[in-house]
Amino acid sequence: DTGVSQNPRHKITKRGQNVTFRCDPISEHNRLYWYRQTLGQGPEFLTYFQNEAQLEKSRLLSDRFSAERPKGSFSTLEIQRTEQGDSAMYLCASSLSVTGRTEAFFGQGTRLTVV
Amino acid sequence: GEDVEQSLFLSVREGDSSVINCTYTDSSSTYLYWYKQEPGAGLQLLTYIFSNMDMKQDQRLTVLLNKKDKHLSLRIADTQTGDSAIYFCAEINEGASKIIFGSGTRLSIRP
């Protein structure tokens, strides 16, 4: 296992289209996070899963955004009816949540450009 | 709510030490992290410190934590051109769900 993998690395889409991103976490990690990063900013939390349960969603995650982790392994983030303001880097991270170990490891991100 | 703040820019001469500072507001922070991000890339976990520690050293990296002042620093000894990147300070509360990031400090190296 070489780390957190995200696909695609880049996505250009027209405004109004739907897009879906995939994240494959480190295999034994039970927590999975989605973050969004815009230019010049730090990553902003979107949502997180513990196994297959989505336990928290940020108010940044409008009803156009939906995330799933159906079997507690990989996750998908879908954005419906994309807007230009959705252009950003979408980062996925995973961690193993046990006492004393909560390092989160990030993937390379998916850069979304909405034109 | 929780907040993490960092200065935006730092410029150092190659071979000197770099010190990147961070302040945070959550007194219940359990872990504090330093991540490195190179252009167009994801975040690389550099090091972390548990809140009951004052200092952690890992090769050229030294992390200092002043829990009373809620101040965290990252010292990079013998700074090299490959250290040019944005460095993010981040914190998590063990009972919380998310890692909170600062806005990042852009480190540039001059010859």
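Refer to the structure presented above.
Keep in mind the model is a prediction, meaning the values are calculated, not measured.

Caption draft 1: Fine view of the pattern of salt bridges. Per the counting criterion, the structure on display carries six salt bridges over all chains. Here Lys-98 of chain B ties to Glu-56 of chain A by a salt bridge, and the two come within 3.0 Å at their closest N and O atoms. You can see Lys-98 of chain B sitting in the loop between β9 (85–92) and β10 (100–101) and its partner Glu-56 of chain A sitting in strand β6 (residues 53–57), one on each of two chains. Overall, the relative accessible area of 22% leaves Lys-98 of chain B in the partly exposed class. Where Lys-68 of chain B meets Asp-69 of chain B, a salt bridge forms, and the shortest distance between an N and an O atom there is 3.6 Å. Judged by relative accessible area, Asp-69 of chain B falls into the partly exposed class, the value being 47%. By sharing partners, the salt bridges in this structure join Arg-64, Glu-83 and Asp-86 of chain A into a single network.

Caption draft 2: Representation of the interface of chain B and chain A in the model. Chain B puts 20 residues into the contact, and the matching count from chain A is 23 residues. Between chain B and chain A lies a buried interface of about 1,700 Å² when both sides are counted; carbon and sulfur atoms form 51% of it. Counting across the interface, chain B meets chain A through one salt bridge. Between chain B and chain A we count five residue pairs in polar contact (both at pLDDT 80 or more) in total. Listing elements by their share of the side of chain B that touches chain A, those giving two or more residues are β4 (31–37), β5 (43–50) and β9 of chain B. Examining the composition of the side of chain B that touches chain A, we find that four residues originate from one element, β4 of chain B, more than from any other. Of the residues belonging to the side of chain B that touches chain A, the class tally is 12 nonpolar, six polar and two charged.

Calculation criteria
- Residues numbered from 1 in each chain as written.
- Chains lettered and ligands numbered in written order.
- Predicted model: local features only at pLDDT ≥ 70, side-chain atom pairs only at ≥ 80, totals over all residues.
- Heavy atoms only, no water.
- Salt bridge = Lys/Arg side-chain N within 4 Å of Asp/Glu carboxyl O.
- Helix = DSSP H or I, 4+ residues; strand = E, 2+ residues; numbered from the N terminus.
- Buried < 20%, exposed > 50% of the residue type's maximum accessible area, 1.4 Å probe, protein only.
- Contact = heavy atoms within 4.5 Å.
- Buried area = accessible area lost by both parts, 1.4 Å probe.
- Polar contact = N/O pair within 3.5 Å; in protein donor to acceptor, adjacent residues only side chain to side chain.
- Nonpolar A, V, L, I, M, F, W, Y, C, P; charged D, E, K, R; others polar.

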